[in-house]
Amino acid sequence: MSIPIAIFRLFSYRPCGHELLVRVRRPAASNADQGALDAADDFADSATVFLRTWWERRHLQRECPHQHTSSLVAEMQEEPVGADLFGPGLRQFGVWVAATKYGTPWMVLGTASTEAEFWQRVQDDSDLLDLDPQAPAELHRVYFLTDEDGRSSLTHS
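Along each chain, numbering runs from 1 in the same order as the chain's sequence is written. Given that this is a predicted model, residues contribute local features only at a pLDDT of at least 70 and side-chain atom pairs are listed and counted only at 80 or more, while totals for whole chains, interfaces and linings are drawn from all residues. Excluding hydrogens and water, the side-chain figures rest on all heavy atoms present in the structure.

K.L.:
Would you mind going over the nonpolar core with me for this structure?
P.N.:
For soluble globular proteins, nonpolar side chains are generally found buried alongside one another. We call a set of buried Ala, Val, Leu, Ile, Met, Phe, Trp, Tyr and Cys residues a nonpolar core when their side-chain atoms join them within 4.5 Å. Categorising residues by exposure relies on relative accessible area from a 1.4 Å probe, with only protein chains included: less than 20% of the type maximum marks a residue as buried, more than 50% marks it as exposed, and the intermediate range marks it as partly exposed. Grouped together as the largest cluster of nonpolar side chains are 25 residues, with contacts concentrated most on F8, L21, L85, L109 and F118. Put simply, DSSP marks the helices as runs of H or I at least four residues long and the strands as runs of E at least two long, and each gets a number from the N terminus on. Elements with a minimum of two residues in this core: β1 (5-14), β3 (69-76), β4 (91-99), β5 (107-110), α2 (115-123) and β6 (134-146). Residue contributions to this core peak at five residues, all from β4. Note on definitions: a residue-residue contact is assigned when non-hydrogen atoms from the two residues lie within 4.5 Å. Ignoring sequence-local partners within four residues, the contact set of L21 consists of F8, R9, L10, L85, V95, L109, V142, Y143, F144 and L145. The next biggest cluster of nonpolar side chains, apart from the first, holds 16 residues, and it includes V24, W55, L60 and Y143.

Here's what the structure looks like:
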């Protein structure tokens, strides 16, 4: 049986450089049932699409008149460093992004006051070290949404 996991996906919107970070939960599924695993992946993907579409319509179009093209910049399926990424969404903050040995889009994400603090927190986490994160980390200013923010919050914002 797989366990539920938090998936973080960072999207960039060109030409302006707006960035959206979503956190969705992939539910548990039986490892012996490929259909159940596919359904769990589809659930997380659908939640990502919903959050992106809501943000594009409710925030991006209001803030910026340009026509945008989005791309997946980073994905992380491990627990990140920093408390901000475990809290509620519907807010903006800086997030550090470091490449890993697995290449794009697999990254290590986290929040910290400085890059040095980010790397110290990464050094303290053996699961993140197994990803072999590569310096330097880049600071991205993101709008953060989660699938736990609730449809009513997203509908009325």
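K.L.:
Before we go on, may I ask you to explain the pairing of β1 in this structure?
P.N.:
One face of the sheet, then the other: side chains in a regular strand alternate in exactly this way. Burial within β1 is extensive, with nine of its ten residues counted as buried. Strand pairing is assigned whenever DSSP identifies at least 2 bridges connecting the two strands. Where β1 and strand β2 (residues 18-26) come together, nine bridges link them in antiparallel fashion. Residue I7 lies in a different strand from β2, and its bridge partner there is V24. Hairpin connection between β1 and β2: a loop of three residues separates the two successive antiparallel strands, and G17 in this loop has a positive phi of roughly 90°. Bridge analysis of β1 against β3 gives seven bridges, and the strand direction is antiparallel. When the bridges of β3 are listed, F8 appears paired with M76.

K.L.:
What am I meant to see in the side chain of T146 here?
P.N.:
Mapped onto the secondary structure, T146 falls in strand β6. A 3.5 Å cut-off defines polar contacts: any pair of N or O atoms within that distance qualifies, except that in protein one atom must be a possible hydrogen donor and the other a possible acceptor, and neighbouring residues in sequence count only when both atoms are side-chain atoms. Only 3.0 Å separates the side chain of T146 from the backbone nitrogen of E148, close enough to count as a polar contact.

K.L.:
Help me understand the packing of aromatic side chains in this model?
P.N.:
Where two aromatic rings form a pair, the distance of their centres and the angle of their planes describe that pair. Two aromatic rings from Phe, Tyr or Trp, using only the six-membered ring of Trp, form a pair when their centres are within 6.5 Å; if the ring planes differ by under 30 degrees the pair is stacked, by over 60 it is edge-to-face, and anything between is tilted. Following the criterion strictly, the structure yields five aromatic pairs and no others. A centroid spacing of 5.0 Å and a plane angle of 55° characterise the contact between Y13 and W55, whose relative ring orientation is tilted. Taken together, the residues span a long stretch of sequence, with Y13 in strand β1 and W55 in helix α1 (residues 34-63) at a distance of 42 residues. Judged by relative accessible area, W55 falls into the buried class, the value being 4%. An aromatic cluster is built from Y13, W55 and Y143, whose rings are joined through pairwise contacts. Over the ring of F11 we find R52; its NZ or CZ atom is 4.1 Å from the centre of that ring. Throughout this description, the term charge over a ring refers to an Arg CZ or Lys NZ atom that lies within 6 Å of the ring centre and within 35 degrees of the ring normal.

K.L.:
Quick question: what am I supposed to make of the side chain of H59 here?
P.N.:
Locating H59 in the fold gives a position in helix α1. Here Y143 takes part through its side chain, which lies 3.4 Å from a polar atom of the side chain of H59. Ignoring anything within four residues of it in the chain, the contact list for H59 reads W54 and Y143.

K.L.:
Is there a simple way to think about the environment of G17 in this case?
P.N.:
Mapped onto the fold, G17 is located in the loop between β1 and β2. Taking the C-alpha atoms as reference, G17 lies 36 Å from A36; in sequence the two are 19 residues apart.

K.L.:
Quick question: what am I supposed to make of the sheet that holds β2 here?
P.N.:
Two modes of strand pairing occur in sheets, parallel and antiparallel, and in both the strands are linked by backbone hydrogen bonds. Within the open sheet, the six strands sit side by side as β3-β1-β2-β6-β4-β5. Their pairing is mixed. Taken across any chain shown, the strands that pair with only one partner, and hence form the sheet edges, are β3 and β5. Neighbour-to-neighbour, the strand axes of this sheet turn through a mean angle of 40°, independent of strand direction. Across four bridges, the pairing between β2 and β6 is parallel. From the neighbouring strand, R23 faces β6, where its bridge partner is T146. Sheet strands in contact with α1 are β1, β2, β3 and β6, and its direction is about 150° off that of β2. In this analysis an axis means a line fitted to C-alpha atoms, helices contributing only their contacting stretch, and an angle means the value between N-to-C directions, from 0 to 180 degrees. Strand contacts of α2: β4, β5 and β6, with the helix running at about 90° to β6, the strand carrying the most contacts.

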